[in-house]
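Listed below, chain by chain, are the residues.
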Amino acid sequence: MKANKHTNEEGLWAYNCLDCTYTREVGEVELAAVDSMGLEEVHAFQQALFEPVLMAMLRGVRIDLAARKELIFELQEELSKREAFFETVLGHSLNPRSALQMKKLFYNDLQQPEIKTRAKKGKPGHVTLNDDALDTIAKREPILKPLIDGIREYRSLGVFLSTFAMAPLDSDGRMRCSYNICGTETYRFSSSENAFGSGTNLQNLPKGDESGLFPNIRKLFIPDPGYTFFDGDLDRADLQVVVWEADELELKAALKMGVDMHLLNAYTLSQKEPPPLDELVESHPKYQDHRIPYKKERQLAKSFIHGTNYGGGARTMAIAAGINTHQADKLQKIYFSRYPGLKKWHDRVLNQLVKHRFVENRFGYRRYYFDRVDGLLPEALAWIPQSTVACYINRIWVNLYNNLKEVQILLQVHDSLSGQIPTHKLHTTLPKIMELSRVIVPYDDPLIIPFSVKLSDKSWGDVA
């Protein structure tokens, strides 16, 4: 029965009654399935998120309207400068957002060989001038690099202006969004404009860059009068979960001490025994003495180890690290030889996939896979820490909402929580926040991910 077939009140009542009945029947079946799969606690917690998330959505965040107006003007000025630059260099105007104009400029006027996207299932590759294509052209024709840099800046400035600086506010001058608790399969929230068409994705607000060209949008988000803004962040959360899954004692000790893990991995890949772990902590007097000679090796470890932890093969990691496949294969053997628990974790997850077609985190959340298992291991490995961290940060949120009403959570950004605290209660509230943030991930060796809080009486972007 479809609603558009009903033209009288009785028909509309019938339609809505059936809609409620069907929803109730589906709900009963789903609840029975939850019980039969032993997911009652998972279901109960996800339902408990409703009220605190709704309150954050209703409250919204205060915006510095004067600073917003000034920022919009500055971004428009920067866009105008680049438009004038295009006119001077090319002898005519250019709209970098126009695919037609861009293709005409580079592939017709400048006679550059066409670059195509990779073909996907059922979709052939197509001619493009995306960022990767522009990088390729800039490397191939250095004389075009200043023009390409201007185009990239113009595009980015346009995104800053339209998506962030000019995101529509509500009538009270506050910014609100709609959080979707079921937004992703990793149990991370997704965020979008709210039900009334205002707001934007508040989980993707840029912090700016060192050049100062791209501003810190978060500085527009300010506390209400009498409040102090806070930002609570989990320390290297995904890596903590990976290490506890692998149950590698040395890596656990290093994380607990605050070691520079990229530097530790640089020693590992170089097959050199690292110095005492405490000397690899940034605050230690000998830290720079150890880091400087391993600068190049540290950068290699930074680009190589993360993907290796998540099941990236030698060929994949060779491309990511800019080395050949033979070198990548050798480095992975060295790494897994020192930390065999990581390879055992990979094998355990693959066996779980093959036998049961799902993976599970330590909070009892599951991700089922219905496609062929071949090639799914990296995705399944990544799901475990990502989902665990999402569960962790949300448990902190619920703890604060239920036990510390003076703390107002305004924003959730995947592995951090931001909000405001009455300024006169800071000295008594902060210790309580730290206590309530101590969520336990139930491994045999329980994991508590460190949670640090930074404050500002000015804005979200000024927390320090």
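Everything discussed here concerns the structure shown above.
Residues numbered from 1 in each chain as written. Predicted model: local features only at pLDDT ≥ 70, side-chain atom pairs only at ≥ 80, totals over all residues. Heavy atoms only, no water.

Visitor: Teacher, can you tell me more about a nonpolar patch on the surface here?
Guide: A contiguous nonpolar surface patch, about 370 Å² in accessible area, is contributed by Phe50, Leu54, Met55 and Leu58. For Leu58, the location among the structural elements is in helix H3 (residues 50-59). The class for Leu58 is exposed, based on a relative accessible area of 52%. (Patch = residues over 30% accessible without salt bridge, like charges linked within 9 Å, V, L, I, M, F, W, Y side chains within 5 Å. Areas by Shrake-Rupley, 256 points an atom, 1.4 Å probe, with all protein chains shown as cover. Salt bridge = Lys/Arg side-chain N within 4 Å of Asp/Glu carboxyl O. Helix = DSSP H or I, 4+ residues; strand = E, 2+ residues; numbered from the N terminus. Buried < 20%, exposed > 50% of the residue type's maximum accessible area, 1.4 Å probe, protein only.)

Visitor: Please clarify how the packing of H3 against helix H16 (residues 377-403) should be interpreted in this entry.
Guide: Packed helices, taken two at a time, are described by the angle between their axes plus the distance between the axes. With their axes 9 Å apart at the nearest point, H3 and H16 run at an angle of 80° to one another. On the basis of their axis angle, the class for H3 and H16 is roughly perpendicular. Residues Glu51, Pro52, Val53, Met55 and Ala56 of H3 form the contact with H16, whose own contacting residues are Trp397, Val398 and Tyr401. The residue inventory of the contact of H3 with H16, partitioned by class, reads seven nonpolar, no polar and one charged. (Axes fitted to C-alpha atoms, helices over the stretch in contact; angles between N-to-C directions. Parallel < 35°, antiparallel > 145°, perpendicular 65-115°, else oblique. Contact = heavy atoms within 4.5 Å. Nonpolar A, V, L, I, M, F, W, Y, C, P; charged D, E, K, R; others polar.)

Visitor: Help me understand the environment of Glu141 in this model?
Guide: Tracing the chain through its elements places Glu141 in the loop between helix H6 (131-140) and helix H7 (145-165). Glu141 gets classed as partly exposed once you look at its relative accessible area, which sits at 32%. For the pair Glu141 and Asn402, spaced 261 residues apart in sequence, the C-alpha to C-alpha distance is 60 Å.

Visitor: Help me understand the side chain of Gln112 in this model?
Guide: Among the structural elements, Gln112 can be located in the loop between helix H5 (99-109) and H6. A residue is classified by how much of its surface remains accessible, and Gln112, at 8% relative accessible area, is buried. Among residues more than four places away in sequence, those in contact with Gln112 are Phe106, Tyr107, Ile137, Arg140, Glu141 and Leu144.

Visitor: In this structure, what is going on with the layout of surface pockets? I would like to understand it.
Guide: The gaps left among the atoms become clear once a water-sized probe is rolled over them. Within this model, the largest pocket holds a volume of roughly 730 Å³. Along the wall of the largest pocket there are 22 residues; nearest its centre are Val34, Val42, His43, Gln46 and Tyr187. Listing elements by their share of the lining of the largest pocket, those giving two or more residues are helix H1 (9-36), helix H2 (40-48) and strand S8 (366-368). Residue classes in the lining of the largest pocket are distributed as 12 nonpolar, six polar and four charged. Considered as a void within the structure, the second largest pocket measures approximately 500 Å³ in volume. The wall of the second largest pocket is formed by 23 residues, among which Arg236, Leu239, Met261, His262 and His306 lie closest to the centre. A total of six residues in the lining of the second largest pocket trace back to one element, the largest contributor, which is helix H12 (residues 295-309). (1 Å grid on protein atoms, 1.4 Å probe; cavity = no way out; pocket = protein on both sides within 12 Å on 5 of 7 lines; lining within 4 Å. Points joined across faces, edges and corners; volume = space filled by probe spheres on them.)

Visitor: In this structure, what is going on with the nonpolar core? I would like to understand it.
Guide: One recurring pattern in soluble globular proteins: nonpolar side chains tend to sit buried together. Ranked by size, the top nonpolar core spans 129 residues in total, and within it Phe106, Phe221, Leu234, Leu264 and Ile396 carry the most contacts. Ranked by residues supplied to this core, first place goes to H16 with 14 residues. With near-sequence residues (within four places) excluded, Leu234 lies in contact with Val389, Tyr392, Ile393, Ile396, Asp415, Ile449, Pro450 and Phe451. (Core = buried A, V, L, I, M, F, W, Y, C linked by side-chain atoms within 4.5 Å.)

Visitor: Help me understand the environment of Asp289, please; the structure alone is not making it clear to me.
Guide: Looking at where Asp289 falls in the secondary structure, it is placed in helix H11 (residues 287-291). The class of Asp289 is exposed, set by a relative accessible area of 54%. Separated by 26 residues in the primary sequence, Asp289 and Arg315 have C-alpha atoms spaced 33 Å apart.

Visitor: What am I meant to see in the sheet that holds strand S9 (residues 408-412) here?
Guide: Hydrogen bonds along the backbone pair up the strands of a sheet, which may run parallel or antiparallel. Ordered by their spatial adjacency, four strands build an open sheet running S9-S10-S6-S11, and the pairing between neighbours is antiparallel. Of all the strands in the sheet, just S9 and strand S11 (451-456) have a single pairing partner and so form its edges. Strand after strand, the sheet turns through a mean of 25° between neighbouring axes, direction not considered. Where strand S6 (residues 227-234) lies against strand S10 (residues 416-422), seven bridges are found, and the strand directions are antiparallel. Its bridge partner lying in S10, Asp233 is registered against Ser416. (Pairing = 2+ DSSP bridges.)

Visitor: Can you walk me through the packing of aromatic side chains in this structure?
Guide: What characterises a pair of aromatic rings is the spacing of the ring centres plus the angle enclosed by the ring planes. Scanning the entire structure with this criterion turns up 14 aromatic pairs. Ring pairing ties together the aromatic residues Phe85, Phe86 and Tyr154, which thus form one cluster. Seen from the ring of Tyr369, Arg367 lies directly overhead, with NZ or CZ sitting 4.3 Å from the centre. For Lys405, the ring lying beneath its charged end belongs to Tyr401, and the centroid distance is 3.9 Å. (Phe/Tyr/Trp six-rings, centres within 6.5 Å; stacked < 30°, edge-to-face > 60°. Lys NZ or Arg CZ within 6 Å of the ring centre and 35° of its normal.)

Visitor: I keep staring at the packing of helix H10 (residues 261-269) against H12 and nothing clicks. Help me out?
Guide: Contact pair H10 / H12: the axes reach a minimum separation of 8 Å and the direction vectors enclose 100°. What the angle tells us is that H10 and H12 run roughly perpendicular. Of the residues in H12, those touching H10 at His262, Leu263, Asn265, Ala266 and Leu269 are Glu297, Arg298, Ala301, Lys302, Phe304 and Ile305. Classifying every residue of the contact of H10 with H12 gives six nonpolar, two polar and three charged.

Visitor: Can you walk me through the sheet that holds strand S2 (residues 174-175) in this structure?
Guide: Read across the open sheet, the three strands follow the order S2-S1-S5; overall the sheet is antiparallel. Edge positions in the sheet fall to S2 and strand S5 (221-222), since each has one partner strand and no second. Sheet analysis places strand S1 (residues 61-63) next to S2, joined by two bridges and oriented antiparallel. By the bridge assignment for S2, Arg62 is matched with Arg174.

Visitor: Before we go on, may I ask you to explain empty space enclosed by the protein in this structure?
Guide: Within this structure, the stated rule accounts for one cavity of 30 Å³ or more. Taken as a whole, the largest cavity encloses approximately 50 Å³ of empty space. In terms of lining, the largest cavity is formed by Ile63, Arg68, Phe164, Met175, Leu205, Ile217, Leu220 and Phe221. Class assignment for the residues of the lining of the largest cavity results in seven nonpolar, no polar and one charged.

Visitor: Sorry, what's going on with the side chain of Asp231 here?
Guide: Following the sequence through the fold, Asp231 ends up in strand S6. Within the buried set, Asp231 has no salt-bridge partner at all; the shortest N-O distance to an opposite charge, 5.1 Å, is to Arg218. One polar contact links Asp231 to Trp460, side chain to side chain, over a distance of 3.1 Å. Excluding anything up to four places from it in sequence, Asp231 contacts Ser416, Leu417, Ser418, Ser452, Val453, Lys454, Trp460 and Val463. (Lys, Arg positive; Asp, Glu negative; His and termini not counted. Polar contact = N/O pair within 3.5 Å; in protein donor to acceptor, adjacent residues only side chain to side chain.)

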